[in-house]
Each structure stands twice: as structure tokens, then as C-alpha cells.
Amino acid sequence: MRDSLAARAELTQHRHYRYRGCAPVPADVADFPGQALGDPRLHIDAWGSLDRPDDDPEPQRERIARERAAAAACGRCPVLDSCRVYANSETAAGQLAEPAGIWGGILALDRHRALIRRRQDQAVVAPPPSAALSEARTAQKQAVLRSLARETDEELVAYRAGMDVRTANWHRSLLCGLLGLDKDRASREELLHTARRLGVLPERVRIRPDGRWPIAAAPNGDGSRQRRIAPGMPAQIVLPGYQHLPRGRRPSPIPAEALAATHRARRGPRLRLVTPPPQQLPLPLPTLTVLERAA
Ligand code: SF4
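The following refers to the structure shown. Please read all numbers here as calculations on a predicted model, not as lab measurements.

1. Focus on the packing of aromatic side chains
Taken as a whole, this structure holds 1 aromatic pair when the rule is applied. Ring geometry for Tyr-86 against Trp-103: centres 5.7 Å apart, planes inclined by 75 degrees, an arrangement best described as edge-to-face. With a gap of 17 residues between them, Tyr-86 in helix 3 (residues 80-88) and Trp-103 in the loop between helix 3 and helix 4 (108-125) connect regions that are remote in the sequence. Under the relative-accessibility criterion, Tyr-86 is labelled buried at 5%.

2. Details of the nonpolar core
By size, the foremost hydrophobic cluster in this structure holds 26 residues, and its most contacted members are Leu-145, Leu-179, Leu-191, Leu-192, Val-200 and Leu-201. Listed by contribution, the elements that provide at least two residues to this core are helix 5 (130-136), helix 6 (139-150), helix 7 (154-161), helix 8 (165-178) and helix 9 (188-197). Each residue touching Leu-145, except ones within four places of it in the same chain, is listed here: Leu-175, Leu-191, Leu-192, Ala-195, Val-200 and Leu-201. Counting residues in hydrophobic clusters, the runner-up holds 10 residues, among them Leu-42, Trp-47, Cys-74 and Ile-102.

3. Description of the side chain of Gln-35
With respect to the element layout, Gln-35 can be found in the loop between helix 1 (4-12) and helix 2 (60-75). Polar contacts involving the side chain of Gln-35 include one to the main-chain carbonyl oxygen of Pro-40, which spans 2.8 Å. Filtering out sequence-adjacent residues up to four positions away, Gln-35 remains in contact with Ala-23, Pro-24, Val-25, Ala-30, Pro-40, Leu-42 and Ile-44.

4. With respect to the packing of helix 6 against helix 9
Viewed as axis vectors pointing N to C, helix 6 and helix 9 meet at an angle of 125 degrees, and their least axial separation amounts to 10 Å. As summarised for this structure, helix 6 and helix 9 are arranged oblique, according to the angle between their axes. Crossing handedness for the pair helix 6 and helix 9: left-handed. Contacts between helix 6 and helix 9 involve Leu-145, Leu-148, Ala-149 and Arg-150 from the former and Arg-188, Leu-191, Leu-192 and Ala-195 from the latter. Looking at the contact of helix 6 with helix 9, its residues break down into 6 nonpolar, no polar and 2 charged.

5. Points about helix 7
Along an α-helix, residues three or four apart share an orientation, since each turn contains 3.6 residues. Of all the positions in helix 7, only Glu-154, Leu-156, Val-157, Ala-158 and Ala-161 are classed as buried. Lining the buried residues of helix 7 we find helix 6 and helix 8.

6. Considering the environment of Arg-166
Note on placement: Arg-166 falls in helix 8. A residue is classified by how much of its surface remains accessible, and Arg-166, at 72% relative accessible area, is exposed. For the pair Arg-166 and Glu-154, spaced 12 residues apart in sequence, the C-alpha to C-alpha distance is 9.3 Å.

7. Regarding the environment of Val-200
Among the structural elements, Val-200 can be located in the loop between helix 9 and helix 10 (256-267). Remark: the alpha-carbon pair of Val-200 and Glu-135, spanning 65 residues in sequence, is separated by 9.8 Å. Other than its neighbours up to four places away in sequence, Val-200 contacts Leu-133, Ala-136, Arg-137, Gln-142, Leu-145, Leu-179 and Ala-195.

8. Concerning the packing of helix 6 against helix 7
Remark: helix 6 packs on helix 7, axes separated minimally by 8 Å, with the N-to-C direction vectors making an angle of 135 degrees. Comparing their axes, helix 7 and helix 6 come out oblique. Relative to helix 7, the crossing made by helix 6 is right-handed. Contacts from Ala-143, Val-144, Ser-147, Leu-148 and Arg-150 in helix 6 reach Val-157, Arg-160 and Ala-161 in helix 7. Tallied by class, the residues present in the contact of helix 6 with helix 7 amount to 5 nonpolar, 1 polar and 2 charged.

9. Some thoughts on the pattern of salt bridges
Tallying each qualifying case throughout the model produces 7 salt bridges. In this structure, the salt-bridge partner of Glu-90 is Arg-118, at a minimum N-O distance of 3.9 Å. On the criterion of sequence distance, the pair formed by Glu-90 in the loop between helix 3 and helix 4 and Arg-118 in helix 4 is long-range, its members being 28 residues apart. Given a relative accessible area of 18%, Glu-90 falls into the buried group. Among the ionic pairs, Asp-110 bridges to Arg-113, the shortest N-O distance being 3.6 Å. With Asp-110 and Arg-113 both in helix 4 and 3 residues apart, the pair spans about one turn of that helix. With a relative accessible area of 33%, Asp-110 lands in the partly exposed category. A relative accessible area of 45% places Arg-113 in the partly exposed class.

Reading the values: rules and limits
- Residues numbered from 1 in each chain as written.
- Predicted model: local features only at pLDDT ≥ 70, side-chain atom pairs only at ≥ 80, totals over all residues.
- Heavy atoms only, no water.
- Phe/Tyr/Trp six-rings, centres within 6.5 Å; stacked < 30°, edge-to-face > 60°.
- Helix = DSSP H or I, 4+ residues; strand = E, 2+ residues; numbered from the N terminus.
- Buried < 20%, exposed > 50% of the residue type's maximum accessible area, 1.4 Å probe, protein only.
- Core = buried A, V, L, I, M, F, W, Y, C linked by side-chain atoms within 4.5 Å.
- Contact = heavy atoms within 4.5 Å.
- Polar contact = N/O pair within 3.5 Å; in protein donor to acceptor, adjacent residues only side chain to side chain.
- Axes fitted to C-alpha atoms, helices over the stretch in contact; angles between N-to-C directions.
- Parallel < 35°, antiparallel > 145°, perpendicular 65-115°, else oblique.
- Left-handed = near helix turned anticlockwise from the far one by under 90°.
- Nonpolar A, V, L, I, M, F, W, Y, C, P; charged D, E, K, R; others polar.
- Salt bridge = Lys/Arg side-chain N within 4 Å of Asp/Glu carboxyl O.

Next comes the structure, spelled out in C-alpha cells:
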């Protein structure tokens, strides 16, 4: 991000700065005082918020039309790029250089939104320390992550991970912190995709989608954090009368050796397809030879 002072200097020293769209037309040739150079119908105040009394605000339709006309004039402005860079730059205090009005064809609200997105991207890009990643790779946390990738219900996550719900929740909460996520906001999918991006969760593990449901971290003591991973969400269908049965793959009641012997017996002898060697035919083929071979 450019320094706002340097960006402003670059804008104001642009050789076409005096011909910018929001500059006033010289008083001796203007149709009315403050006429904008970029659009003869506009006043230079059209790029900011009009100074009107509180009991007589600008009608919404007029405001939208004014903003559109000003943004269109920005599109024809010779210093558009420099103006946009300056308006989106940040001051030393971390504020937008131009927090209000239309600059570079962009409304103040859109510039603030872009600033928030940049901050969020920077927060996500900052990698967690390697010690935190090593801790996220312990056997128990890996079990919780893999279970969380398959299930959206906290009890099933704990069942698959081979631990009780309380322990599984505790590990989920720790994982959020280790991977640099906000425990109060990070969703289950966000946690899993971050783990995959950082190499903590293998690529081959399929993540069961459940949208942007908060939240992955365990509930906190005062109950302000959500109790379940996806409350009230019909994530999995349970047939009536089978609620007590855990869903998913269960261990087979047949011993492993007996199962392997059954598979071996079923498979039978191994067969190999053998193709005969190609025969050399005399060329050109006499009709009789072809008919004989066909017979
Ligand atoms: S791009 Fe900047 S300088 Fe040009 S008209 Fe728009 S606000 Fe004014």
C-alpha cells in the first residue's frame, strides 16, 4: 500500500492535474460559479456530500444521479489512476487518505469495503509459526481434523476421532488458535480449508461442505459462543428408530484374518490374458489364402 503523502504528491504534481474532472472551470468562462470541468452540468461539490440542512436532506434519487454523473466524469479524467491510488492509500494512523466523497470514480463506502477486504486478506496471509503447525499435526488433532472434514455434528466428530465430545471440542478450539483463526468467527469450513492450505490436512481428505456455518471453535464458559458446530441444520438424515446408531463406516464384526481369507478364496486363481503372436502374411494377399484363413 502506497504512503498517502507520496501518493498525494504524485497526484497533485501530475502534469494534467489542473485539467482533472472535478476542477472548477475558470470563472471568466464558467456558466455558473463552481462549474466542474469534467461535466458542464455538475458543480464541483458533486464529488462530495452536499451541504444541506438536516431537515432538508438530498432526495435519494437525486443523490444517486449526482454520484453516477460524478463517477462518469471521473472515468474521463486524465489523472484517474493517480487519484484512485491516492484515495485508497492509508495514512500513518491506518485511515483511508480520503474517507469521504467520490475519488477516482469510487464511492467512499466502496473504498472502505476495499480497505476491510485488504485487512482481512493480510490477516489470512500471515502464516502461523512453525511450532503451532507442528502442534496441529499431533495424532489427536489430526484425528479431530479428519473427523471434522467428514462430519458436521459435534457428537459424530468426537465419535470418529475416538474421544468424548468435550475433548474433541477442546481440540477444535485449540486448532483455531494454532492456525491463526478467530475463534469467535471461524467456521468449520474455514478451519478445514486453512488446515489444508497450510499442509496440516492432506489434500486427499474430502471436506464435506456445509456452507459458511459458524463456528469451528468449542463453546466458551459464558455461553456467548455457539454451542454446536451447526445448530439447527439438517446436516444428516437419520431414519426414525435408528438415532442411537452411529452413522458412517463401522468396524466389521468379522476378524480381519477371516475376512482376508474369504477375499483370497473368492478371488480364485489369477488368470493372464495371452495374445497370440502376429502372423506374417504374404503380400499382396492372394484371394485364395484369405478365404482359406477365413474358413
Ligand atoms: S478521478 Fe479524481 S481528480 Fe479526476 S475527477 Fe475524479 S475525483 Fe476528480
